Amino acid sequence: MIQITLPDGTVKDFQKGSTPMDVAKNISEGFARNVISAKFNDITVESSTPLTENGNLVLFTFNDEEGKKTFWHSSAHVLAQAITSFYPDVKLTIGPAIENGYYYDVDLGDNIISDKDFKAIEQKMLELARGKHEFKMREVSKEDALNFYKSQNNEYKVELIENLEDGEITFCDHSDFTDLCRGGHIPNTGIIKAVKVMSVAGAYWRGDEKNNQLTRIYGVSFPKQKMLTEYLALLEEAKKRDHRKLGKELELFAFSTKVGQGLPLWLPKGAALRERLENFLKKAQKKAGYEMVMTPHIGQKELYVTSGHYAKYGEDSFQPIHTPKEDEEFFLKPMNCPHHCEIYNNKPYSYKELPKRFAEFGTVYRYEQSGELHGLTRVRGFTQDDAHIFCTPDQLDTEFKEVIDLVLYVFKSLSFENFTAQVSLRDKEKSDKYIGSDENWEKAENAIINAAKEKGLDYVVEYGEAAFYGPKLDFMVKDALGRSWQLGTIQVDYNLPERFDLNYKGADNQLHRPVMIHRAPFGSMERFIAVLIEHTGGKFPLWLTPEQVIILPISEKYQKYAENVLHLLENSEIRALIDDRSEKTGRKIRDAELNKVPFMLIVGEQEEESGTVSVRKQGDGDMGTLTISEFISYINKEINSTLKQF
Ligand SMILES: [Zn+2]
Ligand SMILES: [Zn+2]
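This report concerns the structure included in the present document. Please read all numbers here as calculations on a predicted model, not as lab measurements. (Residues numbered from 1 in each chain as written. Chains lettered and ligands numbered in written order. Predicted model: local features only at pLDDT ≥ 70, side-chain atom pairs only at ≥ 80, totals over all residues. Heavy atoms only, no water.)

**So, the side chain of T536**
Positionally, T536 belongs in helix α16 (residues 525–536). Of the polar contacts made by the side chain of T536, one reaches the backbone nitrogen of G538; its length is 3.2 Å. Each residue touching T536, except ones within four places of it in the same chain, is listed here: R241 and S415. (Helix = DSSP H or I, 4+ residues; strand = E, 2+ residues; numbered from the N terminus. Polar contact = N/O pair within 3.5 Å; in protein donor to acceptor, adjacent residues only side chain to side chain. Contact = heavy atoms within 4.5 Å.)

If you want it as structure tokens, here you go:
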């Protein structure tokens, strides 16, 4: 007998040689039908692998990330089988699972696969899947494995096998198809019920452009047709909300090849929106005791050698800038922290003056390969809503709570209701990996956990995920489409105060090291605005949106009255404009709807005579007629309901 421990702690006895599927069936037949993969003592196994020793078993369904990966990787085998049936001379290379599905890189020789072939490939895959073929792993000697692929003239698999040790090589068979594979499959092909070939792209063997160009075929698959339908609908919606598309339509930002890749240009409406976001945070920060600072966009090499960023960003980053005469060496600023440390160092502090909280909307530059750039989410220059708090170890507790309050205020004001937090702590068994005393780490870790608890955060604790210089708290928000984004972060740092020799005079008249907290509720303005655009579909909270009101005179005759309305709105600090084009009112309404202007005020003869406006709410339609002052108090109430004071 062997003892199997399940994740909930229950221990059960099983016959030696029982499989994960046997264990699943022992739990319940219904559960077993959904089990698709397993991990035994932290090693991925097949659900049919005989277990021969005591150990911990985790069973996965499609709802688990591990389960999905196994499902998609197994589907890649079926895709390869289908491709081979159409192109018998195809040379297969690798076929991993990825975040949303899987791909297979193949050398098609002179053949080409295009969109037109997708349907046939999908049908073939489903036909093969219906055969309910089991995935079976077997060990092969290096010699046999090499001979197998040499006989197929597949130099790619031969190269892969040559880099493996004899004794660790396995093949996976299902139906009449064999592939070199490390393992981790679903029980049989029959549970693949829905497949979709998503796209094809070129890819170099081993990612090296000196190698052969291969065809990468992307696919996704599900255990239910309904799941595929929902997934495709989600993709469709995501496409509509793509911040690159909406950013252009709403005239928020642009890119210019002349200026350079990955360097966003903020258009007037986008710049105004960003400024409003910055002012919103500045106002809250001021109340929370932050002081604004400003620092240059470049710094001397020595600064980044001291901070350690040179070692991290130096070689793979933008290359240094040299002065013509003095031969000084500067770098574009990759982080604001070193500059802020020098601001702290500008004068001596006593413990009574701490904490110091220096905030800056600091623009930083980091080199990203051109292929990695993506809209506003991956750029080469971006602005962090950065701040650094310098405090005594005893102040950490309070500071952490206050930073969490600020982050929650930001999320709430911007309609991110759904978020979780991750507390990253050190791995206590590897304490030599971390800088700073045990006592200080203890203090900081407790401060973070206490703060997260007290603020009622939905958080998970990850051991060993802390940076070497301190523990941290990261926020993940879920957008309206259920996608997760990492946004705000709060990080404790024992390293930089040491490197920059920061100190303060304690009550004992001795010098002590302050603790540093890095924090950024938005993270980066660019990325945050991108996420906000996709979350809201461009329908920003009323307080933030570029234009809150558009006035639509039904003909030129009412231009004067429209201007009067505009002035009254502007006096109440409501952002409004007049659509004075000689278009029909219906057209003007349609355009305002498309531009997502929250309120339309239609004015004509009746309105002018009675000093009123006809109000339409974007997406909601007609709201009836209001006097101008009634409308102003209504919209102000609406604004205040989303934007509370910090
Ligand atoms: Zn496999
Ligand atoms: Zn920092």
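Past the structure itself, the notes keep going.
**With respect to the sheet that holds strand β1 (residues 2–5)**
Spatial ordering of the open sheet is given by β2-β1-β5-β3-β4, a layout of 5 strands whose pairing is mixed. Strands at the two margins of the open sheet, each flanked by one partner only, are β2 (11–14) and β4 (43–45). Averaged over all pairs of adjacent strands, the angle between their axes in this sheet comes to 35 degrees, without regard to strand direction. Helix-sheet contacts for helix α1 (residues 20–27) involve β2, β3 (37–40), β4 and β5 (55–60), and the interaxial angle to β5 is about 75 degrees. (Pairing = 2+ DSSP bridges. Axes fitted to C-alpha atoms, helices over the stretch in contact; angles between N-to-C directions.)

**Things to note about the sheet that holds strand β27 (residues 504–505)**
Strands in a sheet are paired, the pairing made by backbone hydrogen bonds, and the direction either parallel or antiparallel. The mixed open sheet is built from 3 strands, whose spatial order is β20-β27-β28. Only two strands of the sheet have a single neighbouring strand rather than two, namely β20 (349–350) and β28 (511–512). When β20 meets β27, the two strands line up parallel, connected through 2 bridges. Across the sheet, residue S350 finds its bridge partner in β27, namely K505.

**Focus: the coordination of the zinc ion (ligand 2)**
Metal coordination angles have textbook ideals: 109.5 degrees for a tetrahedral set of four donors and 90 or 180 degrees for an octahedral set of six. Within the first shell, the zinc ion (ligand 2) binds the protein through C337 (SG), H388 (NE2) and H518 (ND1), at distances of 2.0 to 2.4 Å. Along the chain, the residues donating to the zinc ion (ligand 2) fall in the pattern C-x50-H-x129-H. On the criterion of sequence distance, the pair formed by C337 in helix α12 (residues 337–344) and H388 in strand β22 (residues 381–391) is long-range, its members being 51 residues apart. (Donors = N, O, S within 2.8 Å, 3.2 Å for Na, K, Ca; no water.)

**Details of the pattern of salt bridges**
This model, assessed by the stated rule, comprises 42 salt bridges. For the salt bridge of K245 with E249, the shortest nitrogen-to-oxygen distance reads 3.4 Å. One end of the pair, K245, and the other, E249, are both in helix α8 (residues 243–249), 4 residues apart, so they sit about a helical turn from each other. Among the salt bridges present, the one from E402 reaches R357, with a minimum N-O distance of 3.9 Å. Highlighted residues: E402 in helix α13 (residues 396–413) and R357 in strand β21 (residues 356–365), separated in sequence by 45 residues. Here E402 falls in the partly exposed class, since its relative accessible area comes to 35%. Classification of R357 by relative accessible area gives buried; the value is 12%. A network of salt bridges, in which partner residues are shared, links R426, D438, E442 and E445. (Salt bridge = Lys/Arg side-chain N within 4 Å of Asp/Glu carboxyl O. Buried < 20%, exposed > 50% of the residue type's maximum accessible area, 1.4 Å probe, protein only.)

**Observations concerning the coordination of the zinc ion (ligand 1)**
All of the protein donors around the zinc ion (ligand 1) are H73 (NE2), H77 (NE2), C181 (SG) and H185 (NE2); their distances to the metal are 2.0 to 2.1 Å. Taken together, the 4 donor atoms coordinating the zinc ion (ligand 1) and their angles of 95 to 127 degrees define a geometry best described as tetrahedral. When the donors of the zinc ion (ligand 1) are listed by position in the chain, the intervening gaps give H-x3-H-x103-C-x3-H. Here the residue H77 occupies a position in helix α3 (residues 65–86), and H185 occupies one in the loop between β11 (177–180) and β12 (194–204), the gap between them amounting to 108 residues. Residues H77 and H185 agree in their burial class; the two are buried. (Tetrahedral: all angles 85-135°; square planar, octahedral: opposite > 155°, others 65-115°.)

**Some details on the side chain of E278**
Of note, E278 is situated in helix α9 (residues 268–287). Look at E278 and you get buried, because its relative accessible area is 13%. With near-sequence residues (within four places) excluded, E278 lies in contact with F361 and M525.

**Here we look at the environment of L92**
Turning to its location among the elements, L92 is positioned in strand β6 (residues 91–92). With 13 residues separating them in the primary sequence, L92 and D105 have C-alpha atoms 6.6 Å apart. Residue contacts for L92: discarding those within four places in its chain leaves A80, T84, Y104, D105, V106, N154, Y156, K157 and F177.

**Regarding the layout of surface pockets**
For the largest pocket, the calculated volume is near 1600 Å³. Lining the largest pocket are 39 residues, and of these E99, N100, Y231, L235 and R483 lie nearest its centre. At the level of elements, α3, β12, β13 (213–222), α7 (225–241), α8, β26 (484–493) and α16 are the ones that each hand at least two residues to the lining of the largest pocket. When residues in the lining of the largest pocket are grouped by element, the largest group, 8 residues, is from α7. (1 Å grid on protein atoms, 1.4 Å probe; cavity = no way out; pocket = protein on both sides within 12 Å on 5 of 7 lines; lining within 4 Å. Points joined across faces, edges and corners; volume = space filled by probe spheres on them.)

**Observations concerning the packing of aromatic side chains**
What describes a pair of aromatic rings is the distance from one ring centre to the other and the angle between the planes of the rings. Under the defined criterion, the tally for this structure stands at 30 aromatic pairs. A ring pair is formed by F62 and W72, whose centres lie 5.9 Å apart and whose planes are at 90 degrees; its orientation type is edge-to-face. With F62 in the loop between β5 and α3 and W72 in helix α3, this pair connects stretches of sequence that are 10 residues apart. What makes W72 buried here is its relative accessible area of 4%. (Phe/Tyr/Trp six-rings, centres within 6.5 Å; stacked < 30°, edge-to-face > 60°.)

**Structural notes on helix α18 (residues 585–594)**
For α18, the set of buried residues is K588, I589, D591, A592 and E593. Here the buried face of α18 lies against β30 (549–553), β32 (599–603) and β33 (612–617). Positive phi shows up at K596, right after α18, with a value of about 60 degrees.

Remember that the coordinates give geometry; whether it matters functionally is a separate question.
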